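Chain by chain, the residues:
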Amino acid sequence: MRISAVVTRTIRGRAIDYLELEQPEHDLHVSVPMPSAETIGIRAVMTRDQVDEVIAVLHGDSLPPESGWSRRIKDYGMRLQTGLATERAVVMREILRHSGHNASGTAERELLRSAREVLSCELSVALGIPEDEAGAMLEDAAMDGHEVPVPRPRSHRRTAPTAA
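Reference entry: report on the structure contained in this document. Just so you know, these numbers come straight off a predicted model, no measurement behind them.

Before going further, it helps to examine the sheet that holds strand β2 (residues 14-23). One open sheet accounts for three strands, arranged β1-β2-β3; its pairing is antiparallel. Both edges of this open sheet fall to β1 (2-11) and β3 (28-33), since each of them pairs with a single strand only. Within this sheet the neighbouring strands show an average axis-to-axis angle of 25°, counted without direction.

And the structure:
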């Protein structure tokens, strides 16, 4: 999103400045009172140093595997809630390396989509490149030097061992 204008509106006799935000890719327009902007998470666009830090996190080592699927999903969700770009990068890196581009479960797919969408948009604005190019750059950085995981079979049926 980017700021398209700053306007002053009079509400109950009091002048309040509003940020007019737009995201042209999604034809989205939002007005936010300036006094509330920081509270709801509006901040300046990433600097080049912050972009480099996100890329370094994506290139970094994977976390030790969690003991179970539910713990992993909970950890990823908590990381996304921080709102930090580096934590979103960790989530994206871990899911891509664990499951590849087609995350296996609905929860993982949604977490990956959320992390990828926000990071792609932010890098797009910070670097002045198209959003899809930023997304590809993020995915390449996360998978650099790592093999794309082979999809696991979806069947849960177990077959009895055959006698020799």
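Let us now look at helix α2 (residues 48-59). In this model, α2 (12 residues) spans 17 Å end to end at C-alpha, consistent with the 16 Å of a helix rising 1.5 Å per residue. Buried within α2 we find V51, V54, I55, V57 and L58. When α2 is viewed along its axis, its buried side chains cluster within an angular range of 155° and face the same direction. The inward-facing, buried residues of α2 contact α4 (85-99), α5 (106-127) and α6 (131-143).

Before going further, it helps to spend a moment on a nonpolar patch on the surface. Together, I3, V6 and M34 make up a nonpolar patch on the protein surface, roughly 280 Å² of accessible area in all. Inspection of the secondary structure puts V6 in strand β1.

Let's shift gears to the packing of aromatic side chains. If you walk through the whole model with that rule in mind, you get zero aromatic pairs. For the cation-ring pair, R9 lies above Y18, with the distance from its terminal atom to the ring centre recorded as 4.6 Å.

As a further point, take the pairing of β1. Pairing geometry for β1 and β2, over nine bridges, is antiparallel. In the sheet register, T8 faces β2, and the bridge partner there is D17. Linking two consecutive strands that pair antiparallel, namely β1 and β2, is a turn of two residues; a positive phi of about 50° is found at R12 within it.

This paragraph deals with α6. An ideal rise of 1.5 Å per residue puts 18 Å on 13 residues; α6 measures up with 19 Å between its terminal C-alpha atoms. Among the residues of α6, E131, A134, G135, L138, E139, A141, A142 and M143 are the ones counted as buried. Buried residues along α6 sit against β2, α2, α4 and α5. Positioned one or two residues after α6, G145 has a phi angle of 80°, which is positive.

Closest axis-to-axis distance for the α4/α6 pair is 9 Å, and the angle between their directions is 65°. As far as their axial angle goes, α6 and α4 are roughly perpendicular. Our pair here, α4 against α6, has a crossing hand that is right-handed. Contact residues: M92, R93, L96 and R97 in α4; G135, L138, E139, A142 and M143 in α6.

This brings us to the side chain of S120. Here S120 shows up in helix α5. A polar atom in the side chain of S120 sits 2.7 Å from the backbone oxygen of R116. Sequence-distant contacts of S120, that is, excluding residues within four places in its chain, are made with E131, A134, G135 and L138.

A few words on the environment of P65. In this structure, P65 sits in the loop between α2 and α3 (69-81). We classify P65 as exposed; its relative accessible area is 78%. Along the sequence, P65 and H98 sit 33 residues apart, while their C-alpha atoms lie 9.3 Å from each other.

What follows deals with the nonpolar core. V54, L58, M92 and L138 are the most contacted members of the largest nonpolar core, which totals 27 residues. Mapped onto this core, the elements with two or more residues apiece are α2, α3, α4, α5 and α6. Sort the elements by how many residues they give to this core and α4 lands first, with seven residues.

Quick notes on the rules
- Residues numbered from 1 in each chain as written.
- Predicted model: local features only at pLDDT ≥ 70, side-chain atom pairs only at ≥ 80, totals over all residues.
- Heavy atoms only, no water.
- Pairing = 2+ DSSP bridges.
- Helix = DSSP H or I, 4+ residues; strand = E, 2+ residues; numbered from the N terminus.
- Axes fitted to C-alpha atoms, helices over the stretch in contact; angles between N-to-C directions.
- Expected span 1.5 Å × (residues − 1).
- Buried < 20%, exposed > 50% of the residue type's maximum accessible area, 1.4 Å probe, protein only.
- Arc of directions from axis to C-beta.
- Contact = heavy atoms within 4.5 Å.
- Patch = residues over 30% accessible without salt bridge, like charges linked within 9 Å, V, L, I, M, F, W, Y side chains within 5 Å.
- Areas by Shrake-Rupley, 256 points an atom, 1.4 Å probe, with all protein chains shown as cover.
- Salt bridge = Lys/Arg side-chain N within 4 Å of Asp/Glu carboxyl O.
- Phe/Tyr/Trp six-rings, centres within 6.5 Å; stacked < 30°, edge-to-face > 60°.
- Lys NZ or Arg CZ within 6 Å of the ring centre and 35° of its normal.
- Parallel < 35°, antiparallel > 145°, perpendicular 65-115°, else oblique.
- Left-handed = near helix turned anticlockwise from the far one by under 90°.
- Polar contact = N/O pair within 3.5 Å; in protein donor to acceptor, adjacent residues only side chain to side chain.
- Core = buried A, V, L, I, M, F, W, Y, C linked by side-chain atoms within 4.5 Å.

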